[in-house]
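Structural features, examined
Below, each chain spelled out in residue letters.
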Amino acid sequence: MASRQAAVRFALRASHSRRSHWRSATRQPSAAIDSMKQAKVQPVFNEGGAVLPKCQIEATSCLLHTPVAGNFGSSQLRFALLPELYGGSKLSRTYSAADLPAHQEIGMPSLSPTMTQGNIAKWSKKEGDKVAAGDVLCEIETDKATLEMESMEEGYLAKILLDDGTKDIPVGKPIAIFVENEEDVAKFNNYQGSDAGPSTSSAVAKEETHPAYQEPEVQTGTTEAESLSVAHQKIGMPSLSPTMTQGNIAKWRKNEGDQVSAGDVLCEIETDKATLEMESMEDGYLAKILLGDGSKDVPVGKTIAIVVENKEDVSKFSSYKDSGSGPTEASTTPKEATSPPKKETPSQPASKKPEGGAVKADAQKLPGPSSSPSQTSDYTDIPVTQIRRVIAQRLLLSKQTIPHYYLTVDAKVDKLVVLRMELNSKLEGSSKSASEGQEKKKLSLNDFIIKAAALALRKVPQCNSSWTDNYIRQYNNVNISVAVQSEQGLFVPVIKDADKKGLSTIAEEVKLLAEKAKQNNLKPTDYEGGTFTVSNLGGPFNIHQFSAIVNPPQACILAVGTTEKRVLPSSQKNEYEAGTFISATLSCDHRVADGAIGAQWLAAFKGYIEDPSTLLL
């Protein structure tokens, strides 16, 4: 990693040394031509034959192919990079900067030969910070590793165009604005970027549009907000989980015209995992709600509201409509059928109808599939929630792409039932000495199962893994996802480090997370990071045995049935004894864990269940 970062820094600084020639050319017109030739830049002349004193430049590192666009005040200038430096890649750009001071657009760098896009893991500098050459601006997550991106010169970070966690940014896409003077920082508060990027003739691969990054539409003319000349802020649909690409607006907590303070809840957003509250980041007034309660499938980044600083500006946005950045309004609502219904014309008289069959006219009368929910006397279409849609997509993907196999074992739980009763009696005695209003603690059978599963993963860590195309990732932490059913759908909150926690702690966390899931109040930290899943349909539903679907990217899931009494032959001749058993079925991803590995894990799990005192060691 260190050698890789050193190579990156060397390449960036090499690019910086070439740009210094361009900068000297703009500041010393008398030496412009020589300086540009040294930098291998074709000089640009005006109609009188003199070299232009200001020029727009774009420097691209020959090692990294890192576009960095600089604008020095002229929109009429061009430059050309010589083909011997960039392998015949011809790049030229024009930018308009009529109202902006000298600045530089920092593009997403190409930090590996195969990189065509990257993610911003974290910004190390904030807007307005002074930056020196060599300072780390941000951390870039590539297709290979996470690398630091350093500043190549001194100045100020005027604007961050793409925030922490932004994913799938094409190489060359502007991510920040850099200025030389501190007083110029404020002039870029509302700057949206020139959307410059590598040309199609560049060595960089052609850009693709990804759900995590919405390509803005080209605007012609001014938007309504620009014509109002009122300071305002567009509030976009936030990305509230790593897998979220769209969300639903469940309910607005504020009305148009309401004053809001930093930390106030603006609305409730239904994500692919749960319903979360969206808070205001600063003080102001909610001038306009663009998408009301119940708006569904709103893409991340789509503008949903307008906030202004002054109350008198609220009325100016009464008829405001979004300027069109991001997907159009039609994309957030189900498509309606626009073609008129075809006129039914029976192909033959009713008397000629084949006995026991159906003619074409009968088929035309049958109700067909519809893109929008409807209701008749025969059926009712139930709208699909965001959570249900994601569950369907993930489980379909799991069954289609993961080679499942299933192993079932019966475990005798008589000793466990006795131990549970003993521990619960002790917990009940300790709770009596506590305050009367405190709820009594109680261990369930599922708490023992979670603990046994976690310790079995310590013995057989191959089952605590997930598959990628290039490697198998084996996790050091044992985080057990627990399936919880609610009215909104199936949730899998996570018990972190379950192997290191006592039964009482596990019981408390399971109860708390189950309540939050049923109330639809789970936070991303409650359901992220699971490495293994336990699904128990025995206790609540009295299911004897079932097979569960692997929860990707995990490799295994344990399905637990109910307890049942069985009569078995005794060790004594002609004698029988009764016992209490549970059936546990392990579903495995065969790419990660072979059958013998799954069998080893089940044997370890059964050992803990049948001798529960080992859980306490």
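Residues numbered from 1 in each chain as written. Predicted model: local features only at pLDDT ≥ 70, side-chain atom pairs only at ≥ 80, totals over all residues. Heavy atoms only, no water.

Section: the sheet that holds strand S14 (residues 265-270)
The following threshold applies: By the convention used here, strands pair only if DSSP detects at least 2 bridges between them. Numbering of helices and strands runs from the N terminus; a helix is a DSSP stretch of H or I covering at least four residues, while a strand is a stretch of E covering at least two. By definition in these notes, contact holds between two residues if any of their heavy atoms fall within 4.5 Å. Here an angle of 0 to 180 degrees is reported between the N-to-C directions of two axes, which are lines fitted to C-alpha atoms, with helices fitted over the stretch in contact.
Spatially, S15-S14-S12-S17 is the arrangement adopted by the four strands of the open sheet, whose pairing is antiparallel. Edge positions in the sheet fall to strand S15 (275-279) and strand S17 (298-299), since each of these pairs with one other strand and no more. Helix-sheet contacts for helix H6 (residues 386-401) involve strand S12 (246-252) and S14, and the interaxial angle to S12 is about 160 degrees.

Focus: the confidence of the model for the protein chain
Cut-off, in case you're wondering: The quantity known as pLDDT measures the predictor's confidence residue by residue, on a range of 0 to 100.
Per-residue confidence for the protein chain gives a mean pLDDT of 74; residues scoring 70 or more make up 67%. Note that pLDDT drops below 50 for residues 1-33; the model gives that stretch 67 contacts with residues more than four away or on any other chain.

What to know about unusual backbone geometry
Cis rather than trans, the peptide bond between Pro-552 and Pro-553 has omega equal to 5 degrees. In this model, Asn-542 sits at a positive phi of 60 degrees, which is unusual for a non-glycine residue. With respect to the helices and strands, the residue Asn-542 is situated in the loop between helix H11 (538-541) and strand S27 (556-560).

Observations concerning the environment of Lys-126
Structurally, Lys-126 can be placed in the loop between strand S4 (117-123) and strand S5 (130-131). Sequence separation between Lys-126 and Leu-157 is 31 residues, and the spatial gap between their C-alpha atoms is 7.1 Å. Those residues in contact with Lys-126 that lie beyond four places of it in its chain are Leu-157 and Ile-160.

Things to note about the pattern of salt bridges
Oppositely charged side chains are able to pair whenever their charged atoms sit close together. The test is simple: Any Lys or Arg side-chain nitrogen found within 4 Å of a carboxyl oxygen on Asp or Glu counts as a salt bridge. Only protein chains enter the accessibility calculation, which uses a 1.4 Å probe; a residue is then buried when its area is under 20% of its type maximum, exposed when over 50%, and partly exposed in between.
The full count for this structure, using the stated rule, is 13 salt bridges. Notably, a salt bridge pairs Arg-566 with Asp-410, separated by 2.9 Å at the nearest N-O pair. Here Arg-566, found in strand S28 (residues 564-569), pairs with Asp-410, found in strand S19 (residues 404-412); they are 156 residues apart in sequence, far enough to count as distant. Put simply, Arg-566 and Glu-564 hold a salt bridge, and the shortest N to O gap is 2.7 Å. Here Glu-564 falls in the partly exposed class, since its relative accessible area comes to 23%. Shared partners join several salt bridges into a network, and the residues in it are Arg-253, Glu-268 and Glu-277.

Let's talk about the packing of helix H8 (residues 445-459) against helix H9 (residues 503-518)
Keep this limit in mind: Our angle categories are set so that under 35 degrees counts as roughly parallel, over 145 as roughly antiparallel, 65 to 115 as roughly perpendicular, and the remainder as oblique. Handedness of a helix crossing follows the sense of rotation of the near helix relative to the far helix, less than a right angle counterclockwise being left-handed and clockwise being right-handed.
Contact geometry for H8 and H9: axes closest at 9 Å, N-to-C directions at 115 degrees. The orientation of H8 relative to H9 falls into the category roughly perpendicular. The two elements H8 and H9 cross, and the hand of that crossing is right-handed. Two secondary-structure elements touch here, H8 through Asp-447, Phe-448, Ile-450 and Lys-451 and H9 through Leu-503, Ile-506, Ala-507 and Val-510.

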